[in-house]
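Summary of the model geometry
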Amino acid sequence: MWLFSRDPVRDFPFELGLPDPDPDPDPDPAADAAPAPLWRLLRGKRKADGAPVSVFAHSLGTVDAAATPLARAALRRLRSLRHPNILGYLDSLETEQCLYLVTEAVTPLRRHLRLRPPTGDLGEQEVAWGLHQLLTALSFLGDSGLVHHALGLDAVFVDPGGDWKLGGLERVAATSEGVPPRPPGVPPRPQDPPELSDSSRGQGEPWAGDMWRLGCLIWEVFNGPLPRPGALRSFGKLPAGLVPPFCELVAAEPSARPGPGQLLQRLQRPGAFLACPLVHTGLFLEQLQVREAPERRTFLQELSARLDALPGPFRRHKLLPRLLAALEFGSADASALPPLLKVAKVLDPPEYQERIVPVIVRLFSSPDRALRMQLLQQLEDYVEFLPEATVDAQIFPHVAHGFLDTNPAIREQTVKSMVLLAPKLGEGRRGKELPRLLLRVQAGDALGPLRCNATLCLGRLGPLLPPQTRQRVLAPALARATRDPFAPARAAAVAAFAATHGCYSPQECATRVLPALCALTADPHPGVRQQAFRAIRSFLDQLEAAAESGGAPEADPSSAVAAPGVPGGGSGGLGAAVSWAVTGVTSLTARLMGAEAGAPPQTPPQAPAGAPPAPPKEAPPEEPPLEDPEGWDDDWGSLEDMELPRSPPASSEEDAGAPPQPPGPPLPDPPPPTAPPPAGKDEEGEGEWGVGGEWGTEDAWEALPSQQGPPPGTGRRQREQQRRRELEAKRRGGPRGAPKTGPPKLGARKLD
């Protein structure tokens, strides 16, 4: 004998909440005369994971004796009927006082229309998607030999994704039972079909009454509660595409009303009401698993452009879960990643890390190269949501394999991704593994553009390296890049030296940086020479300022990371130039792989307001194009979107030197000529600094920190420029018959 009875609600796997709020009830004058509702809707949640659910509660032992059998009939029907467009049954519980029916989380359609009225084109598309689901559910009932007999606003529910669900199954009966009579004591409703009051009209098909109620539901969706049957003669706010089928649905003769399956096919024809983007997208998502791979790829590639035209709840609660499942189980390829990340932007950071980050971590371990390529290309969209521990322990080990990939496009994107991933790595990986991988690409990759990218990446990541690693690795690595046979890699080394100028002590500038830069003053390419001279002048000014101040002690490199013009220390200067360079090589291996891609032109950063203006320069004669005996132009051609210099490798001193000199006594050698300014630039020298005028580094040099007042050596530079102009004028003023000479050599003295 049990002394204590256990409460069945306590052991129920669902928690029963408060009644669902119903603000602003409908001002329906007939609502007071209507019978009490059969169910009370409660908010609940699953105890296991806290997922929201809806709980329909019916009080047993009510005054209406017929209400309880109807509630039990609805429970039996809902438990046996399983269809995506019918209210989803989860569980049920019966106690001595109440009957509980647990379903998926839904909102009554009547309340949903008050919260989101169907206005505008987007509202009509939401109604079209709901009508498609209602017609599909009614067609399923008809194929099963059943009739609803109670269709209306109170029998339809809406889930968080905007899907309409058919409920109110308490009066569902077989077609063989005929039309049930109106229960005694229940007043007639405006939504009742006319054949219930006038038997002379005939009964028509078994589903004729449901189609009349569907017409009334459509009218109420756009115009509000139906006051009387005669109001159906006025279309009100019905869309023009719904007027013809609405007239057929509310036809007085039951035999003239179309069936649900027939009406669904007609409304899906091109130009009909259901032929809209939302219905097309929803249907394709439901059939995504069984579609052919080319169809899925085409749909996903076009989906990103159509996302803004879809309702927000549809994107968040229906589209996002389908894309996550498709990527996780392999039914979608890399083309599903861009729309997924675009939709996921609306999520809160905690929800993003809960739903999106685990999928991204699993995708990084995928062997699909196209998927890994998309993950690296879209990294900027989601890197801010990745926890540092996740990047260091789970993502970086998979990304690091890209440094050794045989596909150059993967290697390129892997190098560029380090700029975004490095700040989230632990000090151990930043100090050991990351520099080793970058140096391996910089020193051993067969493609010059990838070595150039690795050098630029080192320039960006220099301030992030630990002080000991930075002192041991940075200057030697950039000095080695100055000897690269690929001209853009040498130019990138100069730009990286400038971007990391705050990371070197005066001792390092004098013993490591300046010797490497001085070797580039005799570079065969004029653009590299021009950058080298500017870099040398800048570092010399920095050393002269330190010497004039009495010999500053060696600076701590870690304290100079935040200097202006350095990545992480300001928005201007060479930091912006290197940032552009790393980002602008996106199409580097795309052309090598046979794809077409291009980087948008970038505007060079503007000089600070207090920077001295650049002195005017005369345009020197153009140098003849050099041959390319080893085929470097093939790799360099993929960098045209960067507008970097074309230059052959210096395979020997003869190849790297100046053009041959004519016979006769040696000619005077002025300082190296500057490259002619590119076409389309103004006269203020905006594009003079950098190779080809597109590196955007002249303003960066002027933005470097200097002492107050005129910098040391200003008079010396003016004398050099005056001497250069005099020599150029003498050379141009020689006799006409004199043989033409090539560019003079450096270091030769003038013989009078």
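Values in this document were obtained by computation on a predicted structure and should not be read as measured data.

Turning our attention to the overall build of the protein. Regarding its fold elements, the protein presents 28 helices and ten strands. A sequence separation of at least 24 residues applies to 69% of the contacts in the protein between residues at least 6 apart. Accessible surface computed for the protein: about 36900 Å², of which carbon and sulfur atoms make up 54%.

In terms of nonpolar packing, the biggest core is built from 150 residues, with L131, W164, L214, Y352, Y382, M418 and Y504 touching the most fellow members. The residues touching M418, leaving out its near neighbours within four places in the chain, are F396, V399, F403, P423, L434, C457 and L461. F14, V53, V55 and V102 belong to the second largest nonpolar core, which has ten residues in total.

Attention now moves to the packing of helix 12 (residues 357–364) against helix 13 (residues 369–377). Contact geometry of helix 12 with helix 13 gives a least axis separation of 9 Å together with a crossing angle of 130 degrees. The angle between helix 12 and helix 13 places the two elements in the oblique class. Only L371, R372, L375 and L376 of helix 13 make contact with helix 12, whose side of the interface consists of I360, L363 and F364. Residues belonging to the contact of helix 12 with helix 13 are distributed by class as follows: six nonpolar, no polar and one charged.

Read from one edge to the other, the open sheet built from three strands follows the order 6-8-9, with strand pairing classed as antiparallel. Every interior strand has two partners, whereas the edge strands, strand 6 (107–108) and strand 9 (164–166), have only one. Looking at chain direction, strand 6 and strand 8 (residues 156–158) are connected through two bridges and run antiparallel. Bridge pairing links P108 to F157 in strand 8. Relative to strand 9, helix 3 (residues 120–143) is tilted by about 25 degrees, and along the sheet it contacts strand 8 and strand 9.

Before going further, it helps to spend a moment on the pattern of salt bridges. Counted under the stated rule, the structure contains 23 salt bridges. In this structure, the salt-bridge partner of R116 is E126, at a minimum N-O distance of 2.6 Å. With a gap of ten residues between them, R116 in the loop between helix 2 (109–115) and helix 3 and E126 in helix 3 connect regions that are remote in the sequence. For R116, a relative accessible area of 33% translates into the label partly exposed. Put simply, D210 and R213 hold a salt bridge, and the shortest N to O gap is 3.6 Å.

The strands making up a sheet are joined through hydrogen bonds of the backbone, oriented either antiparallel or parallel. Taken together, five strands build an open sheet; the order of strands is 1-2-3-5-4 and the sheet is antiparallel. Each edge of the open sheet is held by one strand with a lone partner, namely strand 1 (14–19) and strand 4 (89–94). Neighbouring strand axes in the sheet, compared pairwise and without regard to direction, differ in orientation by 30 degrees on average. Contacting strand 3 (52–59), strand 4 and strand 5 (98–104), helix 1 (residues 67–80) runs over the sheet at an angle of about 145 degrees to strand 4.

Each full turn of the α-helix corresponds to 3.6 residues, which orients residues three or four apart in the same direction. Here helix 8 (residues 293–306) contains 14 residues, and its C-alpha end-to-end distance of 20 Å stays within 8% of the 20 Å for a straight helix at 1.5 Å per residue. The inward-facing, buried residues of helix 8 contact helix 7 (277–286), helix 9 (312–329) and helix 10 (337–344).

Here we take up the packing of helix 21 (residues 506–519) against helix 22 (residues 526–548). At their nearest, the axes of helix 21 and helix 22 sit 10 Å apart, and the two run at 160 degrees to each other. In terms of axis orientation, helix 21 runs roughly antiparallel to helix 22. Pair helix 21 / helix 22 crosses with left-handed handedness. Along its contact with helix 21, which presents P506, C509, A510, V513, L514, L517 and C518, the element helix 22 presents A532, A535, I536, F539, L540 and L543. Looking at the contact of helix 21 with helix 22 residue by residue, the classes come out as 13 nonpolar, no polar and no charged.

Right, let's talk about the pairing of strand 2 (residues 40–46) for a bit. Side-chain direction in a regular strand flips from residue to residue, so the side chains alternate between the two faces of the sheet. With four bridges joining them, strand 1 and strand 2 adopt antiparallel strand pairing. Paired with F14 across the bridge in strand 2 is R46. Looking at chain direction, strand 2 and strand 3 are connected through six bridges and run antiparallel. Pairing of R40 across the sheet is with A57, part of strand 3. The turn linking strand 2 back onto strand 3 is made up of five residues, and G50 within it adopts a positive phi angle of 75 degrees.

What counts and how
Numbering of residues starts from 1 in each chain and follows the order in which that chain's sequence is written. Note on the predicted model: pLDDT of at least 70 is required for a residue's local features to be given, and 80 or more for side-chain atom pairs to be given and counted; whole-chain, interface and lining totals, by contrast, use all residues. As a convention, hydrogens and water are excluded, and side-chain values are obtained from all of the structure's heavy atoms. Secondary structure is summarised from DSSP: a helix means a run of H or I of at least four residues, a strand means a run of E of at least two, and numbering begins at the N terminus for each. A contact between two residues is defined here by any heavy atoms of the two lying within 4.5 Å. Surface accessibility follows the Shrake-Rupley procedure with a 1.4 Å probe radius. Residue values consider only the protein chains on display as shielding. In this text, buried Ala, Val, Leu, Ile, Met, Phe, Trp, Tyr and Cys residues form a nonpolar core when linked through side-chain atoms within 4.5 Å. For every residue, the accessible area (1.4 Å probe, protein chains only) is compared with the maximum for its type, and the residue is labelled buried under 20%, exposed over 50%, or partly exposed between those bounds. Angles shown run from 0 to 180 degrees and are taken between the N-to-C directions of axes, each axis being a line fitted to C-alpha atoms and, for helices, limited to the stretch in contact. Just so you know how the angles are binned, under 35 degrees is roughly parallel, over 145 roughly antiparallel, 65 to 115 roughly perpendicular, and the rest oblique. Residues are grouped as follows: nonpolar covers Ala, Val, Leu, Ile, Met, Phe, Trp, Tyr, Cys and Pro; charged covers Asp, Glu, Lys and Arg; every other residue, Gly included, is treated as polar. If DSSP finds at least two bridges between two strands, the strands pair. The salt bridge definition used is simple: a Lys or Arg side-chain nitrogen within 4 Å of an Asp or Glu carboxyl oxygen. The span one expects for a helix is its residue count, reduced by one, times 1.5 Å. In this scheme the crossing of two helices becomes right-handed for a clockwise turn of the near helix relative to the far one and left-handed for an anticlockwise turn of less than a right angle.

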